[in-house]
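Listed here are the chains, written in short residue letters.
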Amino acid sequence: MNDAGAVTTTGVGPVAIPGSAARAVWPMGVGLKRLPSWLIPALAYLGLFLITRSFLFGNPVVHIDEQFYLFVAERMRDGAVPYVDIWDRKPIGLFLLYEAFVALPGDGLLAYQFGAALATAGTALVISRLAREIASPAAAWHAGAAYILFMPAFNAGMGQAPVFYNLLVAGAALIVVDAMKRNGDGALVGRGCAAMLLLGFAIQIKYTVIFEGAAFGLMLLARGFADIWTMRRLAGVALLWITVALLPTLAAIGWYAGIGQLGAFIYANFVSIFERGSDGARSYGRLAKECAALLPVWLAIFRAPRMFNTSGGLWPRSHGMFKVWGMVACLGFLLFGTWYDHYVAPLLVPLCVLAAPALARVQPGERWYGRFFLGFAALAGTVVPVYQVWRHGTTAQYQEMSALITQEMRGGCLFIYEGELAFYRTIPTCLPTTRIFPNHLNTFIESTAVGMDPTAEVQRILANRPDVILMWAPQKLHLPNLETRAVMAKGLAREYERYARYTLGTRDYWLYRLRPDLRKPAGPNAGM
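Residues numbered from 1 in each chain as written. Predicted model: local features only at pLDDT ≥ 70, side-chain atom pairs only at ≥ 80, totals over all residues. Heavy atoms only, no water.

## Considering the environment of isoleucine 175
Threshold: Under the scheme used here, helices are H or I runs from DSSP no shorter than 4 residues and strands are E runs no shorter than 2 residues, and both carry numbers assigned from the N terminus. Contacts: residue pairs with any heavy atoms within 4.5 Å of one another.
As for its placement among the helices and strands, isoleucine 175 is situated in helix 7 (residues 161-180). When the C-alpha atoms of isoleucine 175 and tryptophan 229 are compared, they prove to be 20 Å apart, with 54 residues separating the residues in sequence. Discounting residues that sit within four places of it in the chain, isoleucine 175 has contacts with Arg191, Ala194, Ala195 and Leu198.

This is how it looks when you write it as structure tokens:
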């Protein structure tokens, strides 16, 4: 047609579009065609994350682990050295990642939460790409969505460590899958190095990734063996890949050796975990609960082989790799025996991929698998974080309690024997101890695994007379450290008075201050 209009076609026949409409539609169509194919699903995953986590943004007490990571990162910015000035056993890479979030303009709390949003959406995108190996595009997209929905069900809805290293592990898996499909690939060594480097960074966020790294390395070596590599070449390449995977850890060891703190690094990272006690039957209760929560996943995975069909009825080779990956991830989860909820999060990557063939089914008798899977994930992924907010408190409650603490600070230290660690971040305070994570001093499980005598440390803290001490109101506790608790009871009775009681979430807190005759005059920065 002339400039007055344009012609387009539909499934029925040509349709005339007025010229103005044609000019309006044409640039949009061109723009959409130029967009990367991954962008729209990535934005959809990001939108799903933001919708399902919207009520968590800005809450400083989402999870005590995240509170601690952010706190350490902010202190690192001010010069603190992990394992020396602030003790923990998490790898340094996790703290460096949070330090990067803190370095961004604005609120560090929101920075790490938006970083978690990007990492989760990115992991879901890689999951959908992996699932395309064994499932339809629609089912693969649902597998990525299931990952986003399921993560909060295991207390990994925001900034837990697996949220970030899962992306690196999934990226490495994608490289390995691609390499496994290439016969006689001249770039196999380089691909292996890329995968191992991603895994090396992941290891410096959580050491249990080493199990998945070993499995991926063996798969790559199997590819080399199938390509008729000599044993000498296989051994040399294996050594190269192991070295690449260990580079981030070796760099951390070298840095701590350079500042004369290698012993502190080695103990915190590689020794203390084996000295930690067990919490007995409670850990088995957690394991049973987690296996039950994964019931829709197990159903989809073990039903999927009978529902999947390709030419000749055979699985693609990628499925064998995914099964090995899933089994190794489960083994790494089971070995350490504590089985906290967020330890399940790394399993969700291979398990969601393996479950993909059971999703987005079109046969009437098969549709319920996907509906049950995604429906359960959506329900659990909403109920659990809502419960956590109810239990740990809202932002408004936190601010009210923070004001009660701040009014009694006189330029000294706050000591949180029990409670939310975020108060160390938001209230100006010195640090009363290097073992700042409350569980390190108040639980029996940690009493032999923190590199010092907790009872002596609590005695030293009280001797320095913190301005305010925070404790839970008396209640039945599971395996508390009775020795440090006795020291606290004596010290509080001797030199402190309880001045406030506040309920944060479902916890009742008792706030203590020094007796009037022992208080220092308020410093110029007190209460700021």
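Anyway, onward from the coordinates.
## Some details on empty space enclosed by the protein
As a reminder of what qualifies: Using a grid of 1 Å spacing that covers the protein atoms alone, one calls a set of points a cavity when a 1.4 Å probe fits there but cannot get out, and a pocket when the set is open and has protein on both sides within 12 Å along at least five of seven lines; lining residues are those with an atom within 4 Å of a point. Grid points are joined across faces, edges and corners, and a volume is the space filled by probe spheres set on the points. Each residue gets one of three labels, nonpolar for Ala, Val, Leu, Ile, Met, Phe, Trp, Tyr, Cys and Pro, charged for Asp, Glu, Lys and Arg, and polar for the others, Gly among them.
Here the structure, examined in full by the defined rule, presents 5 cavities of 30 Å³ or more. Approximately 110 Å³ is the volume found for the largest cavity. Surrounding the largest cavity, Leu56, Val62, His63, Glu66, Pro152, Asn155, Ala156, Gly157, Met158, Pro385, Gln388 and Val389 form its lining. If you tally residues by element for the lining of the largest cavity, the top one is helix 16 (residues 367-392), at 3 residues. Here the lining of the largest cavity is composed, by residue class, of 7 nonpolar, 4 polar and 1 charged. In this model, the second largest cavity occupies a volume close to 50 Å³. As for the second largest cavity, its lining consists of Tyr69, Lys90, Gln160, Ala161, Pro162, Tyr165, Lys206, His342 and Tyr343. At 3 residues, the largest contribution of residues to the lining of the second largest cavity is made by helix 7. Counted by class, the lining of the second largest cavity contains 5 nonpolar, 2 polar and 2 charged residues.

## Considering the packing of aromatic side chains
Note the cut-off: Side-chain rings of Phe, Tyr and Trp (the six-membered ring for Trp) are treated as a pair once their centres are within 6.5 Å; stacked means planes under 30 degrees apart, edge-to-face means over 60, and tilted covers the remaining angles. Residue burial is assigned from relative accessible area. The probe radius is 1.4 Å, only protein chains are included, and a residue is buried under 20% of its type maximum, exposed over 50%, and partly exposed in between. Here, over-ring charges are defined by two tests on the NZ atom of lysine or the CZ atom of arginine: distance to the ring centre within 6 Å, and angle to the ring normal within 35 degrees.
Counted according to the given criterion, the structure contains 33 aromatic pairs. An angle of 80° between the planes, with centres 6.1 Å apart, marks the rings of phenylalanine 68 and phenylalanine 95 as edge-to-face. Taken together, the positions of phenylalanine 68 in helix 3 (residues 64-77) and phenylalanine 95 in helix 4 (residues 92-103) put the pair 27 residues apart, joining distant regions of the chain. For phenylalanine 68, a relative accessible area of 1% gives the class buried. You can call phenylalanine 95 buried: its relative accessible area is 1%. Taking 6.2 Å as the distance between ring centres and 45° as the angle between the ring planes, the aromatic pair formed by phenylalanine 150 and phenylalanine 376 counts as tilted. Within this pair, whereas phenylalanine 150 is found in helix 6 (residues 137-150), its partner phenylalanine 376 is found in helix 16, the two being separated by 226 residues in sequence. Aromatic ring contacts, followed pair by pair, group Phe68, Tyr69, Phe95, Tyr98, Phe101, Tyr112, Phe164 and Phe437 into a single cluster. A cation over a ring is seen here: arginine 233 above tryptophan 229, with NZ or CZ 4.1 Å from the ring centre. Over the aromatic face of tryptophan 510 sits the side chain of arginine 498, whose NZ or CZ is 3.8 Å from the ring centroid.

## Some details on the environment of aspartate 185
Tracing the chain through its elements places aspartate 185 in the loop between helix 7 and helix 8 (188-203). For aspartate 185, a relative accessible area of 14% puts it in the buried group. With residues near it in sequence (within four places) discarded, aspartate 185 still touches Arg191 and Asp227.

## Concerning the sheet that holds strand 5 (residues 496-504)
We apply this condition: Strand pairing is defined by DSSP finding a minimum of two bridges between the two strands. What counts as an axis is a line fitted to C-alpha atoms, over the stretch in contact for a helix, and the angles between N-to-C directions run from 0 to 180 degrees.
The 4 strands lie next to each other as 3-4-6-5, forming an open sheet whose pairing is mixed. The open sheet terminates on both sides in strands that have one partner only, identified here as strand 3 (414-416) and strand 5. Strand-to-strand twist of the sheet, defined as the mean angle between neighbouring strand axes without regard to direction, takes the value 20°. Along the sheet, helix 17 (residues 395-406) contacts strand 3, strand 4 (468-472), strand 5 and strand 6 (507-514); its crossing angle with strand 5, the most-contacted strand, is approximately 170°.

## Section: the state of the cysteines
Using the following cut-off: Criterion for a disulfide: a pair of cysteine sulfur atoms within 2.5 Å.
Applying the stated criterion across every chain yields a total of 1 disulfide. Between the sulfur of cysteine 413 and that of cysteine 430 lies a disulfide, 1.7 Å long from S to S. Measuring the twist about the S-S bond at about -120°, one finds the cysteine 413-cysteine 430 disulfide to be left-handed. Of this pair, cysteine 413 sits in the loop between helix 17 and strand 3 while cysteine 430 sits in the loop between helix 18 (423-426) and helix 19 (439-442); the two residues are 17 residues apart in sequence, bridging distant segments of the chain. Looking at cysteine 413, the relative accessible area reads 13%, which means it is buried. Residue cysteine 430 is classed as partly exposed on the basis of its relative accessible area, which comes to 33%. Residue cysteine 330 stays outside any disulfide, its sulfur separated by 8.7 Å from that of cysteine 291, the closest cysteine.

## Notes on the nonpolar core
Filter applied, for reference: Residues enter a nonpolar core if they are buried and are Ala, Val, Leu, Ile, Met, Phe, Trp, Tyr or Cys, with the set joined through side-chain atoms within 4.5 Å.
One finds Phe68, Phe216, Ile405 and Phe423 to be the most contacted residues of the largest nonpolar core, which totals 166 residues. Sort the elements by how many residues they give to this core and helix 5 (residues 108-131) lands first, with 13 residues. With near-sequence residues (within four places) excluded, phenylalanine 423 lies in contact with Tyr398, Met401, Ser402, Ile405, Leu414, Ile416, Leu470 and Leu504.

## A closer look at the packing of helix 5 against helix 6
Each pair of packed helices can be described by the angle between their axes along with the distance between the axes. Definition in use: It is the rotation of the near helix from the far one that decides the hand of a crossing: anticlockwise by less than a right angle makes it left-handed, clockwise makes it right-handed.
Helix 6 packs onto helix 5 with a crossing angle of 145° between their chain directions and a minimal axis gap of 7 Å. As helix 5 packs across helix 6, the resulting crossing turns out to be right-handed. On helix 6, the residues that touch Thr120, Thr123, Ala124, Ile127, Ser128 and Ala131 of helix 5 are Ala140, Trp141, Ala143, Gly144, Tyr147 and Ile148. For the contact of helix 5 with helix 6, the residue count by class is 8 nonpolar, 4 polar and no charged.

## Describing the pairing of strand 6
Most of strand 6 sits inside the fold, with 6 of its 8 residues counted as buried. With 5 bridges connecting them, strand 4 and strand 6 associate as antiparallel partners. Within the sheet, the bridge partner assigned to leucine 470 lies in strand 6 and is leucine 511. Pairing of strand 5 with strand 6, which is carried by 8 bridges, proceeds in the antiparallel orientation. In the sheet register, arginine 501 faces strand 6, and the bridge partner there is tryptophan 510.

## Things to note about helix 14 (residues 317-335)
Condition: Helix span is expected to be 1.5 Å times the residue number reduced by one.
Look at helix 14: 28 Å from first C-alpha to last across 19 residues, which is about the 27 Å you get at 1.5 Å a residue. Buried residues of helix 14: Ser318, His319, Met321, Phe322, Trp325, Gly326, Val328, Ala329, Cys330, Gly332 and Phe333, and no others. On its buried face, helix 14 sits against helix 5, helix 7, helix 9 (209-226), helix 12 (281-293) and helix 15 (348-355). Downstream of helix 14 by one or two residues, glycine 337 has phi in the positive range, about 80°.

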